[in-house]
Amino acid sequence: MKRSKFIGDKKFYKMVCMIAVPIMIQNGITNFVSLLDNIMIGQVGTEQMSGVAIVNQLIFVYNLCMFGGVSGAGIFTAQYYGQGNHEGVRQTMRFKLWMAAVITALTAALFLCFGTGLINAYLKGDGSAESIAATLFHGECYLNIMLIGLPAFAIVQIYSSTLRECGQTVLSMKAGIVAVFVNLLFNYILIYGKFGAPALGVSGAAIATVLSRYVEMLITVIGVHRKNAAYSFAAGWYRTLKVPKDLIAKILKKGSPLLLNETLWAAGMAMLTQCYSVRGLNVVAGLNVSNTINNVFNIVFIALGDSVAIIVGQLLGAGKMKEARDTDNKMIAFSVMCCTCVAAVMFVMAPLFPQLYKINDEARQLAKYFIMVTAVFMPQNAFLHATYFTLRSGGKTVITFLFDSVFIWCVSVVIAFTLSRFTVLPVIGVYVMVQLGDLIKCVIGFILVKKGIWLQNIVE
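Since we're looking at a predicted model, the values are computed, not measured.

A. Structural context of the overall build of the protein. Helix and strand content of the protein: 15 helices and 0 strands. Compactness check: the protein gives a C-alpha radius of gyration of 22 Å against a globular reference of 23 Å for 460 residues, within 12% of the reference. The principal-axis extents of the C-alpha atoms in the protein amount to approximately 60 × 50 × 40 Å. A separation threshold of at least 6 residues defines the contact pool for the protein, and within that pool the share at least 24 residues apart is 84%. Total accessible area on the protein stands at roughly 19100 Å², and carbon and sulfur atoms take up 69% of it. If you average the places of the 36 positive and of the 20 negative side-chain charges in the protein, the two averages end up 10 Å apart.

Spelled out as structure tokens, the structure:
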């Protein structure tokens, strides 16, 4: 293989970093503060932390459903922007607004009606009746307050996704930085009852999160609509809320598989956690610690995956097919290389992170091994993430649906469900087998990317 096929020059990496680094900083600070948030709740007790972890797993489904809802339009946004069609950008943003409103309303209704039952689904493993009841109580308290923050989260997703697709990532980064510090400050005040405030525990953590989301929303919305030449594509967004019927049809055709994919994928991840949870409440606590740490380290391949969607999508919209393929090869290789280095650091530090939590020894040991396994498979996940966004940038949303959510339900969940319920394999072994199943997806992804089926301009 030619070295230049997978290695770019300084100009290439500078371009990638200008897009990816602000996303990494925003996500990094957000996830680091989530880590501190998690540690703070973990200091209160195992039941409190488990209740919050279960609810966050449920809200994660909403978050990814929202991501899928705006991503369908986002494919068109990136290509319209690459084409220089600002009116097209405005129309896709209006579509996102309607989609977000529908998803948020349905989610709020679902959680209000069935929230208790959904939390209970994770409390089927070993544990005393008192600890299960306490976990349910804290989870319900946390969920009821978190629902208030859903509209703010939705608006931030509409704006930040549009800005990213237009190559503008700095404002979202700044808003995210301010929001996470607001979250951290009020966590400290409200969880522990500092500066004369009442000690609210998990309710205080939820209030702090909701406050931070509204702060992030205000900074983002005001920043975009102030007079600024960089955001000229935002002028007239609300002049009308109508979206052309032909564009709605196009977005739904390309976007519906994405929406369904993200929803089913998130539901699949929730189901995987439920499968692991049948081995006891300590597994829930250990997974929560592991997932929080993983999120801090995963920012590298997530940001580079987002960059693939932005950079390659704009090249496709401009009709530069050869350059798009060359850029994509280099970006996938860069992502895997970076994540191999990050994974090595994560593996070495795995025994240290669980010591930050006031949880029992079994949960701490499980967390350590979950983190180590995730580190081993991080380069694989980096490749899969970049491959997914490559296929998506060219509008191959049906294929990404099969590649992502159909795979998780037909392979990953089946492995986890079978091994957790019908074997005595330790839960860490079950976790490893699920990760090994993704090797099948790596082979499929490699073939699809190499064949170039994603090299399409969908806005011509």
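Next comes the rest of the write-up.
B. Structural detail: the packing of aromatic side chains. For the structure shown, the criterion picks out 11 aromatic pairs. An angle of 75° between the planes, with centres 5.1 Å apart, marks the rings of Phe12 and Tyr13 as edge-to-face. For the ring pair Phe417 and Phe422, a centre distance of 6.2 Å and an interplane angle of 65° mean the geometry is edge-to-face. Judged by its relative accessible area of 32%, Phe417 is partly exposed.

C. Examining the environment of Ser160 more closely. Looking at where Ser160 falls in the secondary structure, it is placed in helix α5 (residues 150–165). Taking C-alpha positions, Ser160 is 8.3 Å from Leu171, a pair spaced 11 residues apart along the chain. A distance of 2.7 Å separates the side chain of Ser160 from the backbone oxygen of Val156, its partner in a polar contact.

D. View of a nonpolar patch on the surface. Taken together, the side chains of Val345, Phe347, Val348, Met349, Leu352 and Val376 make up a nonpolar region of the molecular surface, amounting to roughly 540 Å² of accessible area. Ranked by residue count, the leading element in the nonpolar patch is helix α11 (residues 321–349), at 4 residues. Turning to its location among the elements, Leu352 is positioned in the loop between α11 and α12 (361–376).

E. Expanded view of helix α14 (residues 397–422). The end-to-end C-alpha distance of α14 is 35 Å, a good match for the 38 Å that 26 residues give at a rise of 1.5 Å each. The sharpest bend along α14 reaches about 45° and sits at Phe407.

F. View of the environment of Ala73. Position of Ala73 among the secondary structure elements: in helix α2 (residues 46–83). Judged by its relative accessible area of 0%, Ala73 is buried. In this structure, the C-alpha to C-alpha distance between Ala73 and Ile302, residues 229 residues apart in sequence, is 20 Å. If we skip the residues at most four places from it in the chain, Ala73 touches Thr92, Phe95, Lys96 and Ile251.

G. Local environment of α2. For α2, with 38 residues, the first-to-last C-alpha span of 52 Å sits near the 56 Å given by 1.5 Å per residue. At Gly72, α2 shows its largest kink, close to 35°. Looking at the residues trailing α2, positive phi occurs at Gly84, about 85°.

What counts, and where the lines are drawn
- Residues numbered from 1 in each chain as written.
- Predicted model: local features only at pLDDT ≥ 70, side-chain atom pairs only at ≥ 80, totals over all residues.
- Heavy atoms only, no water.
- Helix = DSSP H or I, 4+ residues; strand = E, 2+ residues; numbered from the N terminus.
- Rg over C-alpha atoms; globule rule 2.2 N^0.38 Å.
- Contact = heavy atoms within 4.5 Å.
- Areas by Shrake-Rupley, 256 points an atom, 1.4 Å probe, with all protein chains shown as cover.
- Lys, Arg positive; Asp, Glu negative; His and termini not counted.
- Charge placed at Lys NZ, Arg CZ, Asp CG, Glu CD.
- Phe/Tyr/Trp six-rings, centres within 6.5 Å; stacked < 30°, edge-to-face > 60°.
- Buried < 20%, exposed > 50% of the residue type's maximum accessible area, 1.4 Å probe, protein only.
- Polar contact = N/O pair within 3.5 Å; in protein donor to acceptor, adjacent residues only side chain to side chain.
- Patch = residues over 30% accessible without salt bridge, like charges linked within 9 Å, V, L, I, M, F, W, Y side chains within 5 Å.
- Salt bridge = Lys/Arg side-chain N within 4 Å of Asp/Glu carboxyl O.
- Expected span 1.5 Å × (residues − 1).
- Bend = angle between axes of the 7 residues up to and from the residue.

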